[in-house]
Amino acid sequence: MVGTIHNRDKFLNQIAGSLGRPRISSPVERPTWKFQPQYEVLKDATQDELLEVLKDQCKKIHTSLYVTESNDLSSVLNEVVSGFGGGPIVTWKDDRFSKWGLDPLLKKEWPAQNIEVYEWNHSKGQQNIAKAEKANVGITISEITLAESGTVVLFSDENKGRTVSFLPATYIALIPKSTLVPRITQASQKMREIHKKTGHVASCVNFITGPSNSADIELNLVVGVHGPVKASYIVINDL
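Now for a quick tour of the structure. (Residues numbered from 1 in each chain as written. Predicted model: local features only at pLDDT ≥ 70, side-chain atom pairs only at ≥ 80, totals over all residues. Heavy atoms only, no water.)

## Description of the overall build of the chain
Tallying secondary structure elements over the chain gives 7 helices and 12 strands in all. A principal-axis box enclosing the C-alpha atoms of the chain has dimensions of 70 × 45 × 45 Å. Burial statistics for the chain: of 239 residues in total, 38% are counted as buried. Restricting the contact set of the chain to residue pairs at least 6 apart, pairs at least 24 apart contribute 76%. A distance of 8 Å separates the average location of the 27 positive side-chain charges in the chain from that of its 26 negative side-chain charges. (Helix = DSSP H or I, 4+ residues; strand = E, 2+ residues; numbered from the N terminus. Buried < 20%, exposed > 50% of the residue type's maximum accessible area, 1.4 Å probe, protein only. Contact = heavy atoms within 4.5 Å. Lys, Arg positive; Asp, Glu negative; His and termini not counted. Charge placed at Lys NZ, Arg CZ, Asp CG, Glu CD.)

What follows is the structure in C-alpha cells.
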C-alpha cells in the first residue's frame, strides 16, 4: 500500500517518552547470540533422513504419507482422492501440476468420471471461496516442509488461494522432496532469503500440520474440528 502517514514522529516520540528513553531512529544491529541451539537440531541430516523423520511425525499428527516418483504421482494422487471419497476437487492454479504430468488426470480422467475439478481463478472472486467450501478435497503444493513437526508451508498469491487448504472436507499436500528442511528455523531463513532476493513477501504464509485438531478440553485430542477432517501428504522424489 502507498499512502501518507500522518503524525508518525509525534506518535513514536510519545511512545519513547512513555518508556523513559530517547527514540531509536537509527537502524538496529542484529545481535550475534553466543548460543544458538536451534541450528543444531537435525543439523547434518540428509534429505533421506529428513524424510524418515517426517514419516515418523506424520504418525503422531494423524496424517497419511505417501512417497512416489513423479512418473507415478498421477496414480498415487488418484488413489488418495478415491480413498477420501472422490470429488468435488479444488486446486491451486500452478504450472507444477502440468510439470508433474497431472493434466490428464485433472482435466480429462476425473471430468470423464463426473468428478468436478475446479482450478483457482482470481478473476472469479467469491466464486473461488464458494467452490472451496463445497469441495471434498483441496490440493496444494508445499513450498517448504518441516520434517521435525510434519508441517507444510504454503505461500498465497492470486493463483494460490488460502481457502483451498482449509475449507474442503479433506486436504492433500504435494511435497517436493527438495523442500524438506529440519524445522521452522530453516524455513525462516529461506523466507528471509526470498525476500532479500525478490523484495516480495507472500500475501499470506500458512503453516499447516496435518488435519485440524484441538485439545482444549481436558487435553483430549479431537481431530477434524474446524477444517479438513483428514489430511494426506504425497512426497515427490524430485532430487
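## Notes on the environment of N78
Mapped onto the fold, N78 is located in helix α3 (residues 73–83). N78 sits in the partly exposed class, given a relative accessible area of 26%.

## Quick look at unusual backbone geometry
Here the residue pair G87 and P88 is connected by a cis peptide bond, since its omega of 0° sits within 30 degrees of zero. Looking at the element boundaries, P88 is found in the loop between α3 and β2 (89–91). For L42, which is not glycine, the phi dihedral falls at a positive 55°. Take L42: it is sitting in the loop between α1 (8–18) and α2 (47–60).

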